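# Commentary on secondary and tertiary structure
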Amino acid sequence: MSNSLYDISVGSYIQTLSGMITVLNKGAEFAKDNNLNADDFVAMQLHDDMLPFLFQVSSVRLHSVDALTGLENGVFNAPKSTTPRNYQALIALMQDSLAELKLMSADQVNAYQGKPVTFKMGSYELPFIAENFILSFSLPNLNFHATTAYNILRAQGVPLGKVDFLGPMRIAV
């Protein structure tokens, strides 16, 4: 069985965003149970030279829903800035993103197969075809930012495990 562009993109995005929603909800529950303000997590970083939790979670949307918009438009731009959000707004961003992904049809996404897409950041450009953009740029970035967000919460003591992060796996039934 071969995997379609829809399978490798939307299928993977749905799994990761579902896991992120679980992770974020556990972070909110941990904050509530420990009399913490979950909004304090938003500005936290793993290291001074890394971008904060806000950027990491926002980038999960960027490298999923917005990556598909990039396929449609033929251009994927680096983010210019991240809108300040509170913790609950980040949960809503993930929920809204997941809902958007679930509305995308296989026919719609598979129509992008073989289509050129260019990553642009200022004057820097990387040319891809759709499949390679997803496999070598979008998915690795998605997983990096989701993992970093997970690690920021884990470093704050949120009791998270791998199963929380993985989301619903596509097992044989």
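The structure this text deals with has already been given above.
These lines cover the structure that appears in this document, whether it is placed above or below. Keep in mind that this is a model prediction, so the values were computed, not measured.

The rules behind each value
- Along every chain, residues carry numbers that run from 1 in the direction the sequence is written.
- The predicted origin of the model limits local features to residues at a pLDDT of at least 70 and limits the giving and counting of side-chain atom pairs to 80 or more, whereas totals for whole chains, interfaces and linings rest on all residues.
- With hydrogens and water excluded, all non-hydrogen atoms of the structure serve as input to the side-chain values.
- The criterion is simple. A nonpolar core is a set of buried Ala, Val, Leu, Ile, Met, Phe, Trp, Tyr and Cys residues joined through side-chain atoms within 4.5 Å.
- Burial classes follow relative accessibility: with a 1.4 Å probe on protein chains only, a residue under 20% of its type's maximum area counts as buried, one over 50% as exposed, and anything between as partly exposed.
- The numbering of helices and of strands both runs from the N terminus, where a helix is a DSSP run of H or I of at least 4 residues and a strand a run of E of at least 2.
- Every angle, taken between N-to-C directions, lies between 0 and 180 degrees, and every axis is a line fitted to C-alpha atoms, over only the stretch in contact when it is a helix.
- Roughly parallel means an angle under 35 degrees; roughly antiparallel, over 145; roughly perpendicular, 65 to 115; everything else is oblique.
- Contacts are residue-level and defined by heavy atoms, with any inter-residue pair within 4.5 Å sufficient.
- In this analysis, the expected span of each helix is defined as 1.5 Å times one less than the number of residues it contains.
- The term polar contact refers here to a pair of N or O atoms within 3.5 Å; inside protein, the definition further demands a hydrogen-donor-capable atom paired with an acceptor-capable atom, and it admits residues adjacent in sequence only when both atoms are side-chain atoms.
- The rule for pairing is simple: two strands pair if DSSP sees at least two bridges between them.
- Here, a salt bridge means any Lys or Arg side-chain nitrogen found within 4 Å of an Asp or Glu carboxyl oxygen.

With 55 residues, the main nonpolar core has Leu 24, Phe 53, Leu 71, Tyr 87, Met 94, Phe 133 and Leu 153 as its most contacted residues. When residues of this core are traced back to their parent elements, those giving at least two are α1 (5–33), α2 (53–62), α3 (65–73), α4 (87–103), β2 (116–121) and α6 (130–155). It is α1 that provides the largest number of residues to this core, a total of 14 residues.

Before going further, it helps to examine the packing of α1 against α3. It is the contact of α1 with α3, at a shortest axis distance of 10 Å, that shows an interaxial angle of 150°. Taken together, the axes of α1 and α3 are roughly antiparallel relative to one another. Here Leu 5, Ser 9, Val 10 and Tyr 13 of α1 come into contact with α3, specifically with Ala 67, Leu 68 and Leu 71.

Now for α4. Given 3.6 residues per helical turn, the α-helix brings residues three or four places apart onto the same face. Helix length check: α4 (17 residues) gives 25 Å between terminal C-alpha atoms against 24 Å at 1.5 Å per residue, within 8%. Check the buried side of α4 and you find it contacts α1, α2, α3 and α6. Where α4 starts, the residue carrying a side-chain oxygen 3.2 Å from the main-chain nitrogen of Gln 88 turns out to be Asn 86.

Let us now look at the pairing of strand β3 (residues 124–129). When β2 meets β3, the two strands line up antiparallel, connected through 6 bridges. Across the sheet, Lys 120 pairs through a bridge with Glu 125, a residue of β3. Remark: 2 residues form the turn of the hairpin made by β2 and β3, two consecutive strands paired antiparallel; Gly 122 in that turn has positive phi of roughly 65°.

Below, the discussion takes up the sheet that holds β2. Pairing is mixed across the open sheet formed by 3 strands, whose spatial order is β1-β2-β3. Each having just a single partner strand, β1 (75–77) and β3 make up the two edges of the open sheet. Here the average twist between neighbouring strands, direction ignored, is 20°. Contacts from α6 reach β1, β2 and β3, with the element oriented near 115° to β3.

To continue, consider the pattern of salt bridges. Going through the model one piece at a time under the given rule, you end up with 4 salt bridges. Across the pair Glu 125 and Lys 120 runs a salt bridge whose closest N-O atoms are separated by 3.7 Å. Taking relative accessible area as the criterion, Glu 125 reaches 44% and is therefore assigned partly exposed. In this structure Lys 120 comes out as partly exposed when scored by relative accessible area, which is 29%. Each of Arg 61, Asp 66 and Glu 100 takes part in a single network of salt bridges with overlapping partners.

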